[in-house]
Each structure stands twice: as structure tokens, then as C-alpha cells.
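Examining the three-dimensional arrangement
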Amino acid sequence: MSELFDFLRPGLREIRKSINDIEDSYNNDWDILAELCQNSVDAIRKKNPPKGIIELEIDSINRSISIQDNGIGINPERLPVLLAPFSTDKENDETSIGEKGVGLTFVLFSCNDFKITSGTDIGSKTALINDAYNWKSSTSNNSLQLTLEDPETSIYGTRVELKKIKECP
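Below, the structure is looked at part by part. Owing to the predicted nature of the structure, the values given are computational and were not obtained by experimental measurement.

A word on the pattern of salt bridges. For the coordinates displayed, the defined rule picks out 7 salt bridges. Note that lysine 166 is salt-bridged to glutamate 23, the shortest N-O span being 2.9 Å. Of the two residues, lysine 166 sits in the segment after strand E6 (157-165) while glutamate 23 sits in helix H1 (residues 12-24), which places them 143 residues apart along the sequence. When sorted by exposure, lysine 166 lands in the same class as glutamate 23, which is buried.

In C-alpha cells form, the structure reads like this:
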């Protein structure tokens, strides 16, 4: 009797190792800002509005960052897919900045309080992920949970909020 196995699906240990390998590939404290800004610039270029706007707030005392752009936004049904490690909609996009699929993973796992709200003409969604930074270093067999909510107000573009960012100078 033979059995079939889905042997290519990574387990939690392999996912954690890959996420830690991504973090190890970054060298500077400002890499979080660079990744967030690169994503905003790419989104604005895709939408090509009359005036691209990026609003950035940094609170070093409370270790938080928020960034909002008026770019193309993320369709609500794609948001949970794009937050999975190594996911991207930029595979065949030669005009994008940076690597494809690792920047948001790096940002998400650099903090313990991650929130993204994004919207298009189709609608808006908010995704929340808590304790990603702690989870990445743990040995727990628990999966990391993503919560999807309808935002209080609709948004066109994307707003990312990071709180409880890892300690850095």
C-alpha cells in the first residue's frame, strides 16, 4: 500500500528559519523604513495619481512607525495572501524597487503589533497580527494568527502601523 505526502509544505520550524534568514540579510536599523517606503513608492507608481503622497510618522520613544500612501492599495481578498511570508504581486514587475516578497515579511516580523489597512475601489480591509517578533524566536507549535476586520473608515491606498518594534539604537 502506498501513501502520498505533501512533502514540499514547510512546517513551522522551517518557516521560522526562513524568516530569521531574511532578518539576517538586513544590516541597518533603517531597513524597516526603507522597505515601507519602497512599497509605498511602488504602489504610487502603479496608480500614477496626479500627486503621490506618503505620510510617515516615527515615534522612537514608543518604538512605533506608521506610513500611509495614496497608491494602488490592496484588494481586500488579496490582503491575507500577501501577508503570508514570501508572497508578492510583484513577480513580473520590473519597475518595482527591491526584492520581491521579502520586504513586508521582514517588516511584519520586526514588531509585535502589526496593522495594515488597505483599500481599492472594491473595498477596504484591516489585518492585524500580534506577537510576530516573539513568535519568530519561539519554539511553540502554535501558528501565528491574522485577524481581518472592516476598517472604521474606507481607505484608498495603504496604511501600515508597526508598534512594539524590536529594540535597536
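That shown, we press on.
Here we take up the environment of isoleucine 32. Along the chain, isoleucine 32 turns up in helix H2 (residues 31-47). Considered as a pair, isoleucine 32 and isoleucine 165 are 133 residues apart in the sequence and their alpha carbons are 9.7 Å apart. The contact partners of isoleucine 32, leaving out residues within four places of it in the chain, are Ile65, Phe106, Val107, Ser110, Leu162 and Ile165.

This part takes up the side chain of lysine 166. In terms of polar contacts, lysine 166 uses its side chain to reach the side chain of glutamate 23, at 2.9 Å. Those residues in contact with lysine 166 that lie beyond four places of it in its chain are Glu23, Arg63, Phe106, Ser110 and Tyr133.

The next subject is the side chain of glutamate 161. The residue glutamate 161 is located in strand E6 in this model. For glutamate 161, a relative accessible area of 16% translates into the label buried. Within the local environment of glutamate 161, its side chain forms a polar contact with the side chain of arginine 159, the two groups lying 3.4 Å apart. Those residues in contact with glutamate 161, other than ones at most four positions away along the chain, are Ile65, Ser66, Asp113, Phe114 and Lys115.

The next subject is the packing of aromatic side chains. Scanning all chains against the criterion turns up 2 aromatic pairs. Ring centres 3.7 Å apart and planes at 15° place the aromatic pair tyrosine 26 and phenylalanine 106 in the stacked group. Note that tyrosine 26 is positioned in the loop between H1 and H2 and phenylalanine 106 in helix H4 (residues 103-108), a separation of 80 residues in sequence. Here tyrosine 26 matches phenylalanine 106 in class, with each residue buried. Centroid distance phenylalanine 109 to tryptophan 135: 6.0 Å. Interplanar angle 40°. Geometry classified as tilted. With phenylalanine 109 in the loop between H4 and strand E3 (111-120) and tryptophan 135 in helix H5 (residues 132-137), the pair connects residues that are 26 residues apart, well separated along the chain. Classification of phenylalanine 109 as buried rests on a relative accessible area of 5%. Here arginine 16 stacks its cationic end above the ring of tryptophan 135, 4.1 Å away from the centre of that ring.

Criteria and cut-off values
- Residues numbered from 1 in each chain as written.
- Predicted model: local features only at pLDDT ≥ 70, side-chain atom pairs only at ≥ 80, totals over all residues.
- Heavy atoms only, no water.
- Salt bridge = Lys/Arg side-chain N within 4 Å of Asp/Glu carboxyl O.
- Helix = DSSP H or I, 4+ residues; strand = E, 2+ residues; numbered from the N terminus.
- Buried < 20%, exposed > 50% of the residue type's maximum accessible area, 1.4 Å probe, protein only.
- Contact = heavy atoms within 4.5 Å.
- Polar contact = N/O pair within 3.5 Å; in protein donor to acceptor, adjacent residues only side chain to side chain.
- Phe/Tyr/Trp six-rings, centres within 6.5 Å; stacked < 30°, edge-to-face > 60°.
- Lys NZ or Arg CZ within 6 Å of the ring centre and 35° of its normal.

These results come straight from atomic positions and should not be treated as a statement about function.
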